[in-house]
Amino acid sequence: MSGTDYKFEGWLGFDKSSAHGNMQWGEFEPKPWEETDIDIKIECCGVCGSDIHTLRSGWGPTNYPCCVGHEIVGTVVRAGSKVEGGIKVGDRVGVGAQSDACRNRTDKHCKICADGNYNYCRVRHVGTYNGVYMNGGKSYGGYATYSRVPSFFAVKIPESMPSSHAAPMLCAGVTTYAPLKFHGVGPGKRVGVIGLGGLGHFGVMWAKALGAEEVVVISRSSSKKADAMAMGATGFIATGEDPEWLNKNRSSLDVILCTASSADMPFNDYLFLLDLDGVFIQVGAPDDDLPRIKQMALIFNRIKLTGSLIGSPDDIREMFQLAVDKKVQPWISEIPMKEANKAILDFEDGKPRYRFVLKNEDYTPVQA
């Protein structure tokens, strides 16, 4: 199908039921080849909440069949004559949640891409799966043997970083790193992280690596408190165990990173944890709407309420360097790719501590 001597095969979702562990292994047709493309032999791929949202059409209708997975790490086995970023056959690279943008290759001028903010492109933002490329090809993700993507959105993996550590950084990692860096987290800042899951555990480690004065985890129970402290947290608020949690911690934080995806979380109470000119960053994306926002916390503390979407290739490179410099290592469990259906069920049951990474057991590196 692909015009190569290897097959593009993966776990395919054919309808909403695929999110219940009903993906089927099969062959798929990658995007039509362009000389700016690379083919990647996949070593591993992280499991992300976005995968399950997409399989069940939670964020809108999915274009089935769909192969999810956008935390891809592997070796380049084919590189076009016009590849970007100095990538060549044999390089170990990663691809995150975005695999293309307009980059001003249409008749519409895109200031966002001109400024390097490709992850916010409004003209043609192509997801690594369930998207459509500019040449009409469909994007397929990393629960697979091979992936074909535009080289611009592939990032070289630092030599000292294990592939299974790099994979979850490509979405969960940069989704939390980019807004913390953008909003000035560093020495003197007091940071709160709501939710200690795959995103939240990265939030804690990035805040610490960036030099935050305080890093406080906010969760419903204290069941993960020991883990949070081991990750670098300096404080922990269990909202379901202390009825006085808000009064004790009012106006105590400068930045809050909210990774929670619950429509019934105490959103307005969270806002009162911020001090004057505090910033509340929402990165968790539930299928349903967020709770109704009350205005008083915003008005009386001049709070900035904002969000953030993944990160650019440069954000990923910068994040990787910080991880190497500060020895940031995600908490992961490696799972055979053949057990992907079980992995997404366990993910939905909240079992990851704190990120699952699917590994192709028969993977062997490709030499240049």
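Residues numbered from 1 in each chain as written. Predicted model: local features only at pLDDT ≥ 70, side-chain atom pairs only at ≥ 80, totals over all residues. Heavy atoms only, no water.

## Section: the layout of surface pockets
We count it as follows: Buried and open spaces are told apart on a 1 Å grid over the protein atoms alone, a cavity being a set of points where a 1.4 Å probe fits but cannot get out and a pocket being an open set with protein on both sides within 12 Å along at least five of seven lines. Residues with an atom within 4 Å of a point are the lining residues. Grid points are joined across faces, edges and corners, and a volume is the space filled by probe spheres set on the points. Runs of E in the DSSP output that reach at least two residues are strands. Runs of H or I that reach at least four are helices, and both are numbered from the N terminus. In this classification, Asp, Glu, Lys and Arg are treated as charged, Ala, Val, Leu, Ile, Met, Phe, Trp, Tyr, Cys and Pro as nonpolar, and every other residue, Gly included, as polar.
Put simply, the second largest pocket is a space of about 370 Å³. Along the walls of the second largest pocket sit 21 residues, with Asn117, Tyr120, Ala178, Phe182 and Asp315 positioned nearest its centre. Secondary structure elements with two or more residues in the lining of the second largest pocket: helix H3 (163–182), strand E15 (304–307) and helix H9 (313–326). Take the lining of the second largest pocket: its biggest share by element is five residues, from H3. Among the residues forming the lining of the second largest pocket, the class breakdown is eight nonpolar, eight polar and five charged.

## Observations concerning the packing of aromatic side chains
Quick reminder of the rule: Each Phe, Tyr or Trp ring (for Trp, its six-membered ring) is paired with any other whose centre lies within 6.5 Å, and the angle between the two planes then decides the class: stacked below 30 degrees, edge-to-face above 60, tilted in between. As a reminder, the over-ring test applies to NZ of lysine and CZ of arginine, requiring each to be within 6 Å of the ring centre and within 35 degrees of the ring normal.
Following the criterion strictly, the structure yields 14 aromatic pairs and no others. These aromatic residues form a ring-pair network of at least three members: Tyr6, Phe8, Phe28, Tyr140 and Tyr146. The positively charged end of arginine 103 is found above the aromatic ring belonging to phenylalanine 152, 4.0 Å away from the centroid. Over the ring of phenylalanine 272 we find arginine 250; its NZ or CZ atom is 5.2 Å from the centre of that ring.

## Re the pairing of strand E12 (residues 235–238)
Consecutive residues of a regular strand have side chains that alternate between opposite faces of the sheet. Keep this limit in mind: When a residue's accessible area, from a 1.4 Å probe over protein chains only, is under 20% of the maximum for its type it is buried; when over 50% it is exposed; and in between it is partly exposed. For two strands to count as paired, DSSP must find a minimum of two bridges between them. Place the viewer so that the strands point away; then a crossover is right-handed whenever the path from the first strand over the helix to the second strand goes clockwise.
What you see with E12 is no split at all: Gly235 and Ile237 on one side and Phe236 and Ala238 on the other are buried throughout. Pairing between strand E11 (residues 214–219) and E12: four bridges, direction parallel. Following the sheet pairing, isoleucine 218 is matched in E12 by isoleucine 237. Following the chain from E11 across helix H5 (residues 225–231) to the adjacent parallel E12, one finds a crossover that is right-handed.

## A word on the environment of methionine 205
Heads up, the condition is: Residue contacts follow a heavy-atom distance rule, with two residues in contact if any of their heavy atoms lie within 4.5 Å.
Mapped onto the elements of the fold, methionine 205 is located in helix H4 (residues 198–209). The class for methionine 205 is buried, based on a relative accessible area of 8%. For the pair formed by methionine 205 and alanine 233, sequence separation is 28 residues and the distance between their alpha carbons is 8.0 Å. In this structure, methionine 205 is in contact with Met231, Val328, Gln329 and Pro330, ignoring residues within four places of it in sequence.

## What about the side chain of serine 164?
To keep it simple, the criterion reads: Think of a polar contact as two N or O atoms within 3.5 Å of one another; within protein, one of them needs to be a possible hydrogen donor and the other a possible acceptor, and neighboring residues in sequence only count if both atoms come from side chains.
Following the sequence through the fold, serine 164 ends up in helix H3. Among the residues examined, serine 164 registers a relative accessible area of 6% and is labelled buried. Within the structure, serine 164 has its side chain in polar contact with the side chain of glutamate 334 (distance 2.8 Å). Excluding anything up to four places from it in sequence, serine 164 contacts Cys44, Ile332, Glu334 and Val357.

## Re the UniProt feature "domain: Enoyl reductase (ER)" (unreviewed entry) in the protein chain
Note the cut-off: UniProt positions are given in the numbering used here, feature names are shortened, and annotations may be inferred rather than shown by experiment.
Using the residue numbers shown here, the UniProt feature "domain: Enoyl reductase (ER)" (unreviewed entry) corresponds to residues 18–358. End C-alpha to end C-alpha, residues 18–358 measures 17 Å, and it is 26% helix and 24% strand.

## Regarding H9
What counts is decided by this rule: One fewer than the residue count of a helix, multiplied by 1.5 Å, yields its expected span.
Given a rise of 1.5 Å per residue, 14 residues ought to cover 20 Å, and the 20 Å separating the end C-alpha atoms of H9 matches this to within 8%. Here the buried face of H9 lies against strand E9 (154–156), H3 and H4. Once H9 finishes, lysine 327 follows within two positions and takes phi at roughly 60°, a positive value.

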